[in-house]
Amino acid sequence: MTVHVPEPKVSSQAAAVRTTCPYCGVGCGVIATPDGTGGAGIAGDTAHPANFGRLCSKGSALGETLGLENRLLHPHVDGVRASWESALGTVAGAFRRTAEKHGPDAIAFYLSGQLLTEDYYVANKLAKGFIGTPHVDTNSRLCMSSAVAAHRRAFGSDTVPGCYEDLDEADVIVLVGSNTAWCHPILFRRMVDARTARGTRLIVVDPRRTETAEEADLFLGLRPGTDSALFSGLLVHLDRVGACDARFVADHTSGYDGALERARAIAPTPAATAAATGLSEADVSAFFDLFAGTKRVVTAFSQGANQSAQGTDKGNAIINCHLATGRIGQPGAGPFSLTGQPNAMGGREVGGLANMLAAHMHFAPEEVDKVRRFWNAPNLITGEGMKAVALFDAIARGKIKALWVMGTNPLVSMPQADVIKDALKGLDLLVVSEVMADSDTASATAKKTVLLPALAWGEKDGTVTNSERRITRQRRFLKAPGEARPDWAVLADVGRRLGHGAAFGFTSAAAVFRQHAALSAFENNGTRDFDIGALADIGDAAYETNLPVQWPLTKRGGTKARLFSDGRFFTFDKRARFVAVQAPALAQATSETMPFVLNTGRVRDHWHTMTRTGKSQRLSAHRPVPFVQVHPRDATAANLAEGGLARVSTAHGAAELEVIVTEAVAPGTLFMPMHWNDSNASMARVGALVRGVPDPLSGQPELKATPAAIAAASYRSRGFLLSRDPVTTPAGWWWARAAIGGGSGLQFATREGSREAMLLMRGLFQGLELAEYADHARGRYRCAVYDGERLVACLALGPEAGRPDWEAAKALFAGAVPGAAERRALLSGRAATAGAGPVVCACHGVGLDVITAAITGGAGSVEAVGAACKAGTNCGSCIPEIRKLLPEALARDAA
Amino acid sequence: MADVPAQFFEDETLPLMLTAQTDQVPAAEIPRERLVVVGNGMASLRFLERLTEGSPGRYDVTVVGAEPVAAYNRVLLSSLLGGEVDEAACAFRGLDWYESHGIRLITGAPATQVDRENALVVVGETHVLPFDKLVLAVGSVPIRLPKPGMDLPGIITFRDLADVSAIRKAAVEHAKAIVIGGGLLGLEAAVGLARLGVNTTLLHVMDRLMERQLDHSAATLVRRAMEARGVKVLLKADTDRVEGDGRVERLILADGTVLPADLVVMSVGVRPNLALAQGAGLETGRGIKVDDRMTTSDPRIFALGECAEHRGMVYGLVEPAYEHAETLSRHLSGQEARYSGTALSTSLKVSGLPVFSAGVVDTPETAEAIVMSDPGAGLYRKLLIERDRLIGAVFVGDIGEQARCKTLIRTGEPVGDQIDDLMFGRPATAADPLAETLAA
């Protein structure tokens, strides 16, 4: 296995480094202790105000993701290793030629919420100020740009008004389109703690009965896309029962009457709301009453609201209710956008999106003038560029000739990803700054393709901003591998090559940050929410040690945990705006041939396209294969069996996924995860299926309601193959790969039988000793491959109906040298010893059977289960699953 | 082995047999028939035991054996050779047992003639034994290859106690021994010799060991086990001749290879001992022909064990011989008894490596093979299934499910869902959640 070159040791004791988790927008503090051999011990930072020492399953397993397997370590031009000099010469030369021939706006940047603020800043500055292209967008477009647009419509600025303490202090928390328990587990723990401490009630609004919903006091399983109707009905109800804060509305807002009138047209009564959303009137009334009668209400919303063709309206429908009640910027009250990425907020701060200029400034002439003067920019753009979906359309239409993708995997994550894959081929230049050599996007090619090795978490150094506007440092604790360099330095290098030496003379991340901070304060005078002028002169030493801080943080030392508590907003008249939202309607209607609504989302233990979490065997154990959730009624009708394979198709593409039959999804809806891609599954890219009709305001594509069809996918055999190194399956096999203890695990399905599998294994492992079990008449084959006594691979294949379970084999594979009974077990598929069962608790690696045994052994509560087997005692994101086991196991015992 | 006869009679003949027993006329009230048994090997003894249990005192029994001692456990000869057991451990019944059961035992007395006309057995110059009923349990004789030099001193067969003591005497330290014959007995002899510290080479003319019981995979494992125990194995080794000056010195293979040898153990098979039967004009084929009641062409004369040919089959193993003994003892006790052949099976240990083979060995086109093979662990199992019936099984390394396999092969009952259990044994424990899942 490849590992980082150890840092030269200064002292014998490796120093612990405070840094920030690179996953979701919660932005938890992490303490990394390098082990001196390229890895690091990971612990939560008890002093960090986001998490106070807690980490979720993904954060806890960060140490398992630091290996250098498949890392891109050197620049490549057209697949051939090149020097930085030559690679960046190619980039600068092609940019220059493109600008001369087609104009600068034939150049585009597609950035990422994974970038550090410093990287983002330099990219934005280079593109918008010096190359002169407005086409700078980011994967944040897919994530929370609808929240941004809603904020700007309502507040005049992209401001998250509240802070995490509001979650501790709320009496009602409404979660809209957020599987917080899985996607923001540490914030969810705070919510659950609040419930324990003060009786906070949780209301979950989601078309899917998620694990978060399982914990809710009230679950509102509405029809997809009808959130605006629910909150319109709520606004009408608040008005009717006199729950509105008339004074706040009068003094600090405008547009109330128009918004209310529109809301009445959409959902005039609780009954009408129920009809529009598919909820029961009783549930709707219960929600309305609870909201109306509780002062401290936080409405947290996430991708379920954002990733919609009406995402901006959904955000505003929510914000309307908070403005109407004056519940904004108050302790325990406010609308709260939960961001998906570690630095989505940082990207918004630097203006790294096509509809922003920089530092929360847009395209008003005076704003353009300010930025031009501050940067001394010769080519400053004066208007918006194309947002992600339009940007990739433009590539397909040949309008964009050169594209630089940084830190994101659009060939997996973008809607209609297959179309995009083809479109990239037509580019004159494709630059990909990447960490992984084998990501789908790093594998794409154009007429000229330049791959630039980027730094990963633990190697890069800079700042990120979390969902509550808190700027924290991501710090380096590992040496840069190979020739990888910081993105900001690479961008600055290209800037200098393009003749802008003075503007891109940065020598450190701190220097970039100082300039970013100075721009935020430049001629601000309280006109812009984002102001971190206090940090404009931060010294290198202070930059090293002083953060985290929450913005705003003005030069005069002003900071606020909550904004708008004074009722002053960033519109020209300082009044917030109510927005009259559109009646809810899905962008694409289902049809006879596409009768289902396909929803998408995350699983608990994976992140985005799995380039990082996919390395961890603990994180890969929870959901090892891509799946589709189907309601039992639909499963019966389509003849789908639990664990079988199904082909989900839309007008745009198809995926083959393992079926989970569950009432968590409503009849007529399907759910599939977004993580799998071509490097870890044969056909599971969500991006290939969704149309992604963009929201007209935010440009954020609809990813959660695509008309789809589902049918059983029939294969002759199913099985798994565990190997020390990844094995490539023959063409035509269905497969999904996951990291496992001691190697790589493949689950597969094939139209071939046991004889072909036998030939495959004998061919793959020539020269090694094969132990085999073959029952060709029943289509069964198992094989264990030994190098001496060391187990190096193992395969099991059976007919589709009796597919082999891999838990026992995985446990044996994790140990290198199986004993006699274990060798037999590998061939029999029967356990040599009692197994732990499928993993439930990823943090402590506790399996289902262990938990069930603990419950059978008398553990009658989540806490008792934790005491008995540690399950659920770290991040707690498996607690909903444990809770579900409780009555079942107890009932079974009683029977 | 003890369970085999019980299984064999596990059919509808059982109640009949019990009825016959209760109707039995007391033996003392009629003149006793004279029963002579020629041969005192394992089959003979088992017959005598069962007969004396089933019809105590019914017959006036005389047994004559060619060997100087009473019946002993021939199966243990290889262990005796290897020094794993001593001669006492090979003994079955003491002379007092024969005496207390009224059996006259004559040892060291090879019968020379059966005079059917006068119903006499002639034992050389010493005895003439009149009989009313005669049982031939004369076993078989080891084959000597018809090749030059096979009569040289130092070439020993491996059949009886005398052979063992001859081999042990020749197997001095650093001696070079060659065992000819890769069948069951040859393997055992070779391992026994290797255990004595003798430089041992096993020659087998076929391309695999024990080809009648094992397929190639199983034979390869056995070969590996042999080699692990210090035996050098040469396959397709066709002996051309043995040479030596007054004593064996070398063995020459057909391909010209010269192998030095101080001792050659001949284990290329046995053939039924037919001399007496042929001399008496009994019908013989490869063995002495018997019907389902072990009766020869002369209704007063019976044959059992390795010398008997039943339905064209001659068996060289203990298990069928014991079944013969059971059958004949019942028959001679006046009970209903019928022998319909033995499903051939072999269970042995090559110095600790268990091997089991039953039924068909090589996969016929009409059957499906289910195979488990883990050469590194010394494990091999093959089940041959034809139309849901088990027709053959070969196990190496662990023969745990052999009894069940034998029953299935013999009865022809459907295998159904028992395949996993036959292949891997029963699941670990019922409490094991994974096992439960898999069983469900």
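Note that the structure is a prediction, hence the values are computed from the model and not measured.

## A look at the overall build of chain B
A count of helices and strands for chain B gives 14 helices and 26 strands. Residues counted as buried form 45% of the 440 residues belonging to chain B. Considering only contacts in chain B between residues 6 or more positions apart, those separated by 24 or more positions represent 64%.

## Here's the deal with unusual backbone geometry
Residue and element names in this part refer to chain A. Residue Pro552 follows Trp551 across a cis peptide bond; omega there is 5 degrees. As for its position among the elements, Pro552 is in the loop between strand S19 (549-550) and strand S20 (576-577). With a phi close to 60 degrees, Asn639 is a non-glycine residue in the positive phi region.

## A word on helix H17 (residues 365-375) of chain A
All names here are of chain A. All of the buried residues along H17 are Glu367, Val368, Lys370 and Val371. Angular distribution of buried residues about the axis of H17 spans 160 degrees; they occupy a single face of the element. Exposed side of H17, more than 90 degrees from the buried face: Pro365, Glu366 and Arg373 are the residues found there. One or two positions beyond H17, positive phi appears at Asn376, with a value near 55 degrees.

## Quick look at the packing of helix H12 (residues 270-277) of chain A against helix H13 (residues 281-292) of chain A
All names here are of chain A. Packing of H12 against H13 leaves a shortest axis separation of 8 Å and a crossing angle of 120 degrees. Handedness of the H12/H13 crossing: right-handed. For the pair formed by H12 and H13, the contact residues are Pro270, Ala271, Thr273 and Ala274 on the first element and Glu281, Val284, Ser285 and Phe288 on the second. Tallied by class, the residues present in the contact of H12 with H13 amount to 5 nonpolar, 2 polar and 1 charged.

## Overview of the nonpolar core
One broad rule of soluble globular proteins: the nonpolar side chains tend to lie buried together. By size, the foremost hydrophobic cluster in this structure holds 381 residues, and its most contacted members are Val628, Val648, Leu670, Cys794 and Ile851 of chain A together with Val222 and Val264 of chain B. With sequence-adjacent residues up to four places away left out, Ile851 of chain A is seen in contact with Val840, Val846, Val865, Cys869, Ala871, Ile882 and Leu885 of chain A. Core analysis: the second largest hydrophobic core is formed by 53 residues, Tyr59, Ala71, Leu274 and Ala321 of chain B among them.

## Thoughts on the domain arrangement of chain A
Residues and elements named next belong to chain A. Here chain A is partitioned into domain 1 (17-65), domain 2 (76-142 + 345-458 + 479-507), domain 3 (145-337), domain 4 (596-712), domain 5 (717-828) and domain 6 (839-894). Centre-to-centre separation of domain 1 and domain 2, based on C-alpha positions: 29 Å. Across the contact, 4 residues belong to domain 1 and 4 residues belong to domain 2. Taken together, the residues that form the side of domain 1 that touches domain 2 break down as 3 nonpolar, 1 polar and no charged.

## Quick word on the sheet that holds strand S15 (residues 258-260) of chain B
Residue and element names in this part refer to chain B. Here 3 strands make up an open sheet; going across it, the order is S13-S14-S15 and the pairing antiparallel. Taken across any chain shown, the strands that pair with only one partner, and hence form the sheet edges, are strand S13 (239-243) and S15. Taking each pair of neighbouring strands and ignoring which way they run, the sheet shows an average axis angle of 20 degrees. Alignment of S13 against strand S14 (residues 250-253), held across 4 bridges, turns out to be antiparallel. Counted as the bridge partner of Glu243 is Arg250 from S14.

## Description of the environment of Gly692 of chain A
Tracing the chain through its elements places Gly692 of chain A in the loop between strand S25 (669-673) and strand S26 (706-712). With residues near it in sequence (within four places) discarded, Gly692 of chain A still touches Val389, Pro415, Gln416, Pro701, Glu702 and Leu703 of chain A.

## Re the environment of Cys183 of chain A
Residues and elements named next belong to chain A. Its place among the elements puts Cys183 in helix H6 (residues 180-183). Separated by 423 residues in the primary sequence, Cys183 and His606 place their C-alpha atoms 9.2 Å from one another. Every residue in contact with Cys183, bar those within four places of it in the chain, is listed here: Cys24, Ser178, Ser302 and Arg602.

## What to know about the UniProt feature "domain: FAD/NAD(P)-binding" (unreviewed entry) in chain B
UniProt tags residues 34-314 of chain B as "domain: FAD/NAD(P)-binding" (unreviewed entry). Within the segment residues 34-314 of chain B, helix and strand shares are 25% and 28% respectively, and the terminal C-alpha atoms sit 28 Å apart.

## Some remarks on H12 of chain A
An α-helix turns once every 3.6 residues. As a result, residues three or four positions apart point the same way. Residue and element names in this part refer to chain A. What H12 keeps buried is the set Pro270, Thr273, Ala274, Ala276 and Thr277. Considered in projection along H12, the buried side chains sweep an arc of 165 degrees and stay on one side of the axis. Those residues of H12 that are buried lie in contact with helix H9 (227-240), helix H11 (256-266) and H13.

## A few points about the sheet that holds strand S6 (residues 107-111) of chain A
All names here are of chain A. Taken in spatial order, the 7 strands of this open sheet run S5-S4-S16-S15-S14-S6-S7, and their pairing is mixed. Every other strand in the sheet has two partners, leaving strand S5 (80-81) and strand S7 (136-138) as the edge strands with one partner each. The pairing of strand S15 (residues 429-434) with strand S16 (residues 449-453) spans 5 bridges and is parallel. Among the inter-strand pairings, Leu430 is bridged to a residue of S16, identified as Thr449.

## A few points about the packing of helix H3 (residues 42-54) of chain B against helix H11 (residues 318-332) of chain B
Residues and elements named next belong to chain B. At their nearest, the axes of H3 and H11 sit 8 Å apart, and the two run at 30 degrees to each other. Here H3 and H11 pass one another in a crossing that is right-handed. Side by side, H3 and H11 meet where Met42, Ala43, Arg46, Phe47, Arg50, Leu51 and Gly54 of the first sit next to Val318, Ala321, Tyr322, His324, Ala325, Glu326, Leu328, Ser329, Arg330 and Leu332 of the second. In the contact of H3 with H11, the residues fall into 10 nonpolar, 3 polar and 4 charged.

## Regarding the confidence of the model for chain A
All names here are of chain A. For chain A, per-residue confidence averages 92 on the pLDDT scale, and residues scoring 70 or more make up 97% of the total. pLDDT under 50 marks residues 7-13. Its contacts with residues more than four places away, or in other chains, come to 3 contacts. Per-residue pLDDT stays below 50 along residues 891-895; that stretch engages in 1 contact with residues further than four places along the chain or on separate chains.

## Observations concerning the pairing of S14 of chain B
Residues and elements named next belong to chain B. The sheet contact formed by S14 and S15 spans 3 bridges and is antiparallel. Within S15, the residue paired with Leu251 across the bridge is Leu259. Between the end of S14 and the start of S15, which pair antiparallel, lie 4 residues, with Gly256 showing a positive phi angle near 95 degrees.

Rules used in this analysis
Residues numbered from 1 in each chain as written. Chains lettered and ligands numbered in written order. Predicted model: local features only at pLDDT ≥ 70, side-chain atom pairs only at ≥ 80, totals over all residues. Helix = DSSP H or I, 4+ residues; strand = E, 2+ residues; numbered from the N terminus. Buried ≥ 20, exposed ≤ 12 C-beta atoms within 10 Å, placed from the backbone. Contact = placed C-beta atoms within 7 Å. Arc of directions from axis to C-beta. Axes fitted to C-alpha atoms, helices over the stretch in contact; angles between N-to-C directions. Left-handed = near helix turned anticlockwise from the far one by under 90°. Nonpolar A, V, L, I, M, F, W, Y, C, P; charged D, E, K, R; others polar. Core = buried A, V, L, I, M, F, W, Y, C linked by C-beta atoms within 7 Å. Domains from an automatic or database assignment. Pairing = 2+ DSSP bridges. UniProt positions renumbered as here; feature names shortened; annotations may be inferred. pLDDT = per-residue confidence, 0-100.

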